[in-house]
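The chain contents come next:
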Amino acid sequence: MTTIDLPLPGARTGTELIPAVDEGVTQTAKEFTSDQEVRWCPGCGDYAVLKAVQGFLPDLGLRRENIVFVSGIGCSSRFPYYLDTYGMHSIHGRAPSIATGIATAREDLSVWVVTGDGDALSIGGNHLIHALRRNVNMTILLFNNRIYGLTKGQYSPTSEVGKVTKSTPVGSVDHPFNPVSLALGAEASFVARTIDSDRKHLTAVLAAAAAHRGTSFVEIYQNCPIFNDGAFDAIKGMGDHKGEKDYAVIPLDHGQPITFGVRDEAGLGDKALVRSASGHIEVVDTADISTDQILVHDAHDPDPSTAFAISRLTAADYLNRSPIGIFRQVERPTYDDQARAQVSDAVAKVTGTAEDRLTALINAGDTWTIA
Amino acid sequence: MLREVDRDVSQTKQVKQLDRVIIRFAGDSGDGMQLTGDRFTQESAVFGNDLVTLPNFPAEIRAPQGTLPGVSSFQIHFADHDILTAGDRPDVLVAMNPAALKANLGDLPKGAAIIVDTADFTKRNLDKAGYDTNPLDQLGEVNDPLADFQVHPVDLTGITVEAVKEWGLSRKDASRAKNMFALGLLSWMYGRPTEPTVKFLEKKFSKVPDILGANLAAFKAGWNFGETTETFVVQYEIKPAKMNAGTYRNITGNLALSYGLVAAGVRSGLPVFLGSYPITPASDILHELSRHKSFGVTTLQAEDEIAGVGAAIGASFAGHLGVTTTSGPGIALKGEAIGLAVMTELPLVVINVQRGGPSTGLPTKTEQSDLLQAMYGRNGEAPIPIVAPQSPGDCFAAAVEAARIAVTYRTPVMLLSDGYLANGSEPWAIPSIDDLPAIDPNFATAPNHTSKKSADGEPDEFWPYLRNEETLARPWAIPGTAGLEHRIGGLEKGEGHGNISYDSVNHDRMVRIRQEKIKRIADSLPPLEIDDPSGEAKVLVIGWGSTYGPIGAACRRVRRAGYNVAQVHLRHLNPFPNDLGAILKSYDKVLVPEMNLGQLSKMLRAEYLVDAIGYNHVYGLPLKAAELAEAVGALVGEAEGKGVDLGEHGLNPPADHEEAPLS
Ligand code: SF4
């Protein structure tokens, strides 16, 4: 088999080829809000994310008509109806494939996928990993509430083992996915995790995701007050878990030593990540080590193994510890850029009208004429 | 000295005129029979015969060598007149090994010629094919199992190896050129032009001079063997066929279909976007379209069948001509997504190159058993138009027609090809691009609805489900169009505005509107062509898809035997043409031959309450014309209340193996 070294399109940002609003024009969140009544349950985490996105999109500075939101099926997948952009509420699990078609067909569109833990990781698992592998220029927002909401409360592929739900009355025996680990394993070029209630962090991650060229994968911890209330209470320092937040959240900032817990004057937490002698990533007391031993977060490391190791620190059962932030952000050629380049290069090489070239094509080879 | 003897021999050759011949090349999957058949076909096409071909090969890429399941064959029927099928029974069988002989013998009529490669009739190969004794050892004896045939044993391998000696190949490599020897021999026998094959080999092997040299030497040696030895004394002449004026080429269905899709892109001005997952026998369309990027064609080999159609739907939403290609099992997987395209009313061309089913079924064999799947294989009331090509070359026009309907009516369209059309070939009158239907995407560019808020009474809103009154098509507004931002999806739409609606009255209405939209496509169809030369037929034979050839050939047989019969062939299966009901009712009896257990006949009965009688075979092969003619004849007898005897035009000996000229 032959392989060909493909020409690589130069480095680009995620939004570079998308028409921006005219200079001096500012858009508002209201312009991005559709006239449809929002129909999530009261208190649903989806509201906060919707508000954050409606607030963030005007700042992106792109023309509204060049933004497309695609979703699958599930509570969060109603998202596109509430944004006054182009949108498609598609079928269960398939949004990444539909978005792949849109993003490959058109370089001038900002493409967003809104999906959930059931939609993306269960029925649509195959499309998710292949979108990440291909690195198509789009942003995938995975709302993880660790439950099936729309179908009224069955366990999901991110629910903890032992979880009692309608379909698991004596406890789930299903081992859950860690979405970030999965994305890293699929060689995603941008992987982040954020929280519905932390609008500032959420907005910052969205901005970085949109700016990234390739598939940006963002896991959003989203509370479902109806069927899985309090799933993220430790992370949020809420309910019975007030005050636990500092130890539950491991903040990731590129170029910064990774510490958490109670912070000193220099901003270092009393817990830190270090690489152990065996090469693993471990949590230690900051007091027990010298500061230069603390693992410095490198989101741009081409090797995903450290990011993967950090992702494994996420507690699998009750979520009382989780790294939050951008795990990985690396440059990698995108499928859509390369696919379009192959087409445009081929188009550039030919002359004459399409009709004439088609006539030549179908008349090629052995022909004979009867008068 | 030798040369003089040669000349003497060649002078003893006679030339016989024939109006048609059916040849089957058969050998091991690795023997290059498809290539040999293909080359012979090109030579015959260039010579100007009408022709139809039928490749038949195992699903395994390299089935166990020398065994019956490993036999691959290629049949060509060529004639000096217009023909419709690849023929029921070969006049000539070229068998490269014992398995090829055994597997194909049953299809031969008495008196057929058999050319066998004696080199491959070893004990081992005879065992593998299940022969206790070598049938070639018994030629001419009392118990000769091949006594009914004219057998020509030739050491094809031995002579080939000798002929290519100067190229210094191993015996194994040298013997691989034996298919070219066989081609050369048959080319001599039927007076085929050799130039196209020489050119073809020069191009194919331009980088490997020794292989090129060996193949050319073998090809020429085959020709010379026919001309100079005494083994063959007769050369045949089949004059070029009288065909309508035009430029022709030989084409397979999959290639014609691919070109049709490119043409649809050119005619609509839409970039073609193919999302596809490899599957037999549809993959060739993916391969072919991936070569036409210069026409703006994008091909995406998806992770699975669902992603293939998903990407195509996404591309359609973005303003491309979304296409997905597959075979029956793939359609089963795409069903939900096709339903989404029904609901979102986006143009989408879905191509099903049907194969034997159910499940994995017979991947390399042909069948027409996905018609009801195309009609009803989705949840809910989800009607989609269905078009079917009737011959390999017709796949081009059918693809353009599918795209015309998809774009004009904003709907997924199913095109039902099949394994026979995909790989079979025929001369194709190359159309002029200007004669193809124009396809107008007619994108929405401005608001279409006036709200109460409108200051000037001009439209100020975009309603994605406000329809064209005539076609009921909805507007297609693509991203990037300012002011037309809208959301679509799989949930039921409110009429007009297109917002989610769970209203029961609205749902009833929308279900009916979607149905009515598909029904109205019939208003854009030309009247059906009725082939009823006498105008007095009481029996109508109606079919769809690739059975056109066998049905046409069967009807000709019946007419040659002196009886009347009418033929209608359907390109559109949904909606049916407006005049179909009246046509069906104007005949006493309606026969529906299909390669399934009666799917079109069920639809006709349901729609028109006619007593459609099925004629159904699922052998994985095209229907046989003579057998079908007998069935047609029997029905004519019933309808006209008289005895019908088709004589030699049916199955009675001396059977007429193929369609003779009508006049
Ligand atoms: S069920 Fe849960 S996730 Fe769904 S809308 Fe209600 S609160 Fe939100």
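Here the structure is a predicted model, which is why all the values come from computation and not from measurement. (Residues numbered from 1 in each chain as written. Chains lettered and ligands numbered in written order. Predicted model: local features only at pLDDT ≥ 70, side-chain atom pairs only at ≥ 80, totals over all residues. Heavy atoms only, no water.)

**Things to note about the overall build of chain B**
Right, on to step 1. Summing up its helical and strand segments, chain B has 21 helices and 22 strands in all.
Right, on to step 2. Taking 2.2 N^0.38 as the reference for a compact globule, 663 residues should give roughly 26 Å; the C-alpha atoms of chain B span a radius of gyration of 28 Å, in line with that estimate.
Right, on to step 3. In terms of overall dimensions, chain B has a C-alpha envelope of 105 × 65 × 45 Å along the principal axes.
Right, on to step 4. With 663 residues in all, chain B has 62% of them scored as buried.
Right, on to step 5. Long-range contacts, defined here as pairs at least 24 residues apart, represent 76% of the contacts in chain B between residues at least 6 apart.
Right, on to step 6. Distance between charge centroids for chain B: 3 Å, based on 61 positive and 81 negative side chains. (Helix = DSSP H or I, 4+ residues; strand = E, 2+ residues; numbered from the N terminus. Rg over C-alpha atoms; globule rule 2.2 N^0.38 Å. Buried < 20%, exposed > 50% of the residue type's maximum accessible area, 1.4 Å probe, protein only. Contact = heavy atoms within 4.5 Å. Lys, Arg positive; Asp, Glu negative; His and termini not counted. Charge placed at Lys NZ, Arg CZ, Asp CG, Glu CD.)

**Observations regarding the overall build of chain A**
Right, on to step 1. Broken down by element type, chain A carries eleven helices and twelve strands.
Right, on to step 2. Taken over C-alpha atoms, the radius of gyration comes to 23 Å for chain A, in line with the 21 Å a tight globule of 371 residues would show.
Right, on to step 3. Overall, chain A is about 90 × 50 × 50 Å in size when its C-alpha atoms are taken along their principal axes.
Right, on to step 4. Residues classed as buried in chain A amount to 55% of the 371 residues present.
Right, on to step 5. Across chain A, every contact between residues at least 6 apart in sequence was considered, and the portion connecting residues at least 24 apart equals 66%.
Right, on to step 6. Carbon together with sulfur atoms contributes 54% to the accessible area of chain A, which is approximately 15,800 Å² in total.
Right, on to step 7. Put simply, chain A has 32 plus and 45 minus side-chain charges, and the middle of one group is 5 Å from the middle of the other. (Areas by Shrake-Rupley, 256 points an atom, 1.4 Å probe, with all protein chains shown as cover.)

**Quick word on helix α2 (residues 95-105) of chain A**
Right, on to step 1. Burial of α2(A) is extensive: eleven of the eleven residues sit out of reach of the surface.
Right, on to step 2. Taken together, the buried positions of α2(A) are A:A95, A:P96, A:S97, A:I98, A:A99, A:T100, A:G101, A:I102, A:A103, A:T104 and A:A105.

**Focus: the environment of B:A397**
All names here are of chain B.
Right, on to step 1. By secondary structure assignment, the location of A397 is in helix α15 (residues 394-409).
Right, on to step 2. With relative accessibility at 34%, the residue A397 sits in the partly exposed group.
Right, on to step 3. When the C-alpha atoms of A397 and E336 are compared, they prove to be 28 Å apart, with 61 residues separating the residues in sequence.

**Describing the confidence of the model for chain B**
Residues and elements named next belong to chain B.
Right, on to step 1. Residues at a pLDDT of 70 or more form 97% of chain B, whose mean pLDDT is 94.
Right, on to step 2. The model gives residues 1-10 a pLDDT under 50, and that stretch makes five contacts with residues more than four places away or in other chains.
Right, on to step 3. Scoring the predicted complex yields pTM 0.94 and, for the interface, ipTM 0.97. (pLDDT = per-residue confidence, 0-100.)

**Remarks on the sheet that holds strand β10 (residues 281-285) of chain A**
All names here are of chain A.
Right, on to step 1. A sheet is described by the order of its strands in space; here three strands give the open sequence β8-β9-β10, paired in antiparallel fashion. Each of the sheet's edge strands pairs with one partner strand only, and the pair in question is β8 (259-263) and β10. Sheet twist, expressed as the average angle between the axes of neighbouring strands with direction ignored, equals 25°.
Right, on to step 2. Of the pairings in the sheet, the one linking strand β9 (residues 269-275) to β10 comprises five bridges and is antiparallel in character. Across the sheet, residue V274 finds its bridge partner in β10, namely E282. (Pairing = 2+ DSSP bridges. Axes fitted to C-alpha atoms, helices over the stretch in contact; angles between N-to-C directions.)

**Quick notes on the site of the ligand**
Right, on to step 1. All residues adjacent to the ligand are A:W40, A:C41, A:C44, A:C75, A:N145, A:G149, A:Q222, A:C224, A:P225, A:I226 and A:F227.
Right, on to step 2. Of the residues belonging to the shell around the ligand, the class tally is eight nonpolar, three polar and no charged. (Near = heavy atom within 4 Å. Nonpolar A, V, L, I, M, F, W, Y, C, P; charged D, E, K, R; others polar.)

**Things to note about the side chain of B:R404**
Residue and element names in this part refer to chain B.
Right, on to step 1. With respect to the element layout, R404 can be found in helix α15.
Right, on to step 2. Looking at R404, its side chain comes within polar contact range of the side chain of E401, at 2.8 Å.
Right, on to step 3. Side-chain polar atoms of R404 contact the side chain of S524, separated by 3.1 Å.
Right, on to step 4. Non-local contacts of R404, meaning those with residues more than four positions away in its chain, are made with P437, I439, S524 and L525. (Polar contact = N/O pair within 3.5 Å; in protein donor to acceptor, adjacent residues only side chain to side chain.)

**Some points on the interface of chain B and chain A**
Right, on to step 1. Between chain B and chain A, the contact holds 69 residues from the first and 55 residues from the second.
Right, on to step 2. Carbon and sulfur atoms make up 63% of the surface buried where chain B meets chain A, a total of about 5,200 Å² over both sides.
Right, on to step 3. Sorting the residues of chain B by area buried against chain A places B:E303, B:E485 and B:R487 first, and these three jointly supply 14% of that buried surface.
Right, on to step 4. Taken together, chain B and chain A are joined by three salt bridges.
Right, on to step 5. Across the salt bridge formed by A:R134 and B:E303, the nearest N and O atoms sit 2.8 Å from each other.
Right, on to step 6. Taken together, the links from chain B to chain A amount to 27 residue pairs in polar contact (both at pLDDT 80 or more).
Right, on to step 7. Put simply, the parts of the chain that give the side of chain B that touches chain A at least two residues each are α2 (33-47), β9 (246-252), α10 (253-268), β11 (298-301), α12 (305-317), α13 (328-344), β16 (425-429) and β17 (487-489) of chain B. (Buried area = accessible area lost by both parts, 1.4 Å probe. Salt bridge = Lys/Arg side-chain N within 4 Å of Asp/Glu carboxyl O.)

**Observations concerning the nonpolar core**
Right, on to step 1. In this structure, B:L570 and B:L604 are the most contacted members of the largest nonpolar core, which totals 160 residues.
Right, on to step 2. Of all hydrophobic cores here, the second largest spans 50 residues; its members include B:V154, B:A221, B:Y236 and B:M243. (Core = buried A, V, L, I, M, F, W, Y, C linked by side-chain atoms within 4.5 Å.)

**Some remarks on the pairing of β8(A)**
Residues and elements named next belong to chain A.
Right, on to step 1. Bridge analysis of β8 against β9 gives three bridges, and the strand direction is antiparallel. The residue bridging R263 from the neighbouring strand is G269, located in β9.
Right, on to step 2. Counted between consecutive antiparallel strands, the loop separating β8 from β9 contains five residues, among which G267 sits at a positive phi close to 90°.

**Brief notes about the pairing of strand β3 (residues 110-116) of chain A**
All names here are of chain A.
Right, on to step 1. Counting buried positions along β3 yields seven of seven residues, so the element is predominantly enclosed.
Right, on to step 2. Of the two faces of β3, both are covered, the one formed by S110, W112, V114 and G116 as well as the one formed by V111, V113 and T115.
Right, on to step 3. One ladder, built from five bridges, connects β3 with strand β4 (residues 138-144); its direction is parallel. Residue pairing across strands places T115 opposite L142, the latter belonging to β4.

**Examining the environment of B:H449**
Residue and element names in this part refer to chain B.
Right, on to step 1. Mapped onto the elements, H449 comes out in the loop between β16 and β17.
Right, on to step 2. You can call H449 buried: its relative accessible area is 19%.
Right, on to step 3. For the pair H449 and T344, spaced 105 residues apart in the sequence, the C-alpha separation amounts to 19 Å.
Right, on to step 4. Excluding residues that lie within four positions of it along the chain, H449 makes contacts with P459, D460, E461, W463 and L466.
Right, on to step 5. A polar side-chain atom of H449 sits 3.3 Å from a polar atom in the side chain of W463.

**A closer look at the pattern of salt bridges**
Right, on to step 1. Tallied over the entire structure, the rule returns 39 salt bridges over all chains.
Right, on to step 2. In this structure, A:D337 and A:R12 form a salt bridge, with 2.9 Å as the shortest nitrogen-oxygen distance. Of the two residues, A:D337 is situated in helix α10 (residues 335-349) and A:R12 in the segment before α1 (45-60); the sequence distance between them amounts to 325 residues.
Right, on to step 3. The salt bridge partner of B:D82 is B:R556, with a shortest N-O separation of 2.6 Å. Taken together, the positions of B:D82 in the loop between β4 (71-79) and β5 (92-95) and B:R556 in helix α18 (residues 548-560) put the pair 474 residues apart, joining distant regions of the chain.
Right, on to step 4. Judged by relative accessible area, which is 13%, B:R556 ranks as buried.
Right, on to step 5. Here the salt bridges do not stand alone but share partners, grouping A:R12, A:E107, A:R213, A:D336, A:D337 and A:R340 into one network.

**Regarding the side chain of B:R487**
Right, on to step 1. Structurally, the position occupied by B:R487 is in strand β17.
Right, on to step 2. Since its relative accessible area comes to 13%, B:R487 is described here as buried.
Right, on to step 3. In this structure the side chain of B:R487 is engaged in a polar contact, spanning 3.4 Å, whose partner is the backbone oxygen of A:L83.
Right, on to step 4. Looking at B:R487, its side chain comes within polar contact range of the side chain of A:D84, at 2.9 Å.
Right, on to step 5. Those residues in contact with B:R487, other than ones at most four positions away along the chain, are A:S34, A:P80, A:Y81, A:L83, A:D84, A:T85, A:G87 and B:G498.

**Thoughts on helix α5 (residues 156-163) of chain B**
Right, on to step 1. Considered for burial, the residues of α5(B) that qualify are B:L156, B:T157, B:G158, B:T160 and B:V161.
Right, on to step 2. The elements touched by buried residues of α5(B) are β6 (113-117), β7 (150-154), α6 (171-175), α7 (178-189) and α9 (209-228) of chain B.

**Some remarks on the environment of A:G214**
All names here are of chain A.
Right, on to step 1. If you trace the backbone, G214 turns up in the loop between α6 (199-211) and β6 (215-221).
Right, on to step 2. Taking the C-alpha atoms as reference points, G214 and T139, separated by 75 residues in sequence, lie 8.0 Å from one another.
Right, on to step 3. With residues near it in sequence (within four places) discarded, G214 still touches N135, V136, N137, M138, S189 and T334.

**Here's the deal with the sheet that holds strand β12 (residues 367-370) of chain A**
Right, on to step 1. The strand order across the open sheet built from three strands is β12(A)-β9(B)-β16(B), with neighbouring strands paired in antiparallel fashion. Of all the strands in the sheet, just β12 of chain A together with β16 of chain B have a single pairing partner and so form its edges. If you compare each strand with its neighbour and ignore which way they point, the axes differ by 30° on average.
Right, on to step 2. Of the pairings in the sheet, the one linking β12(A) to β9(B) comprises four bridges and is antiparallel in character. Residue pairing across strands places A:T367 opposite B:R249, the latter belonging to β9(B).
Right, on to step 3. Packing of α2(B) onto the sheet brings it into contact with β12 of chain A together with β9 and β16 of chain B, and relative to β9(B) it is tilted by some 165°.

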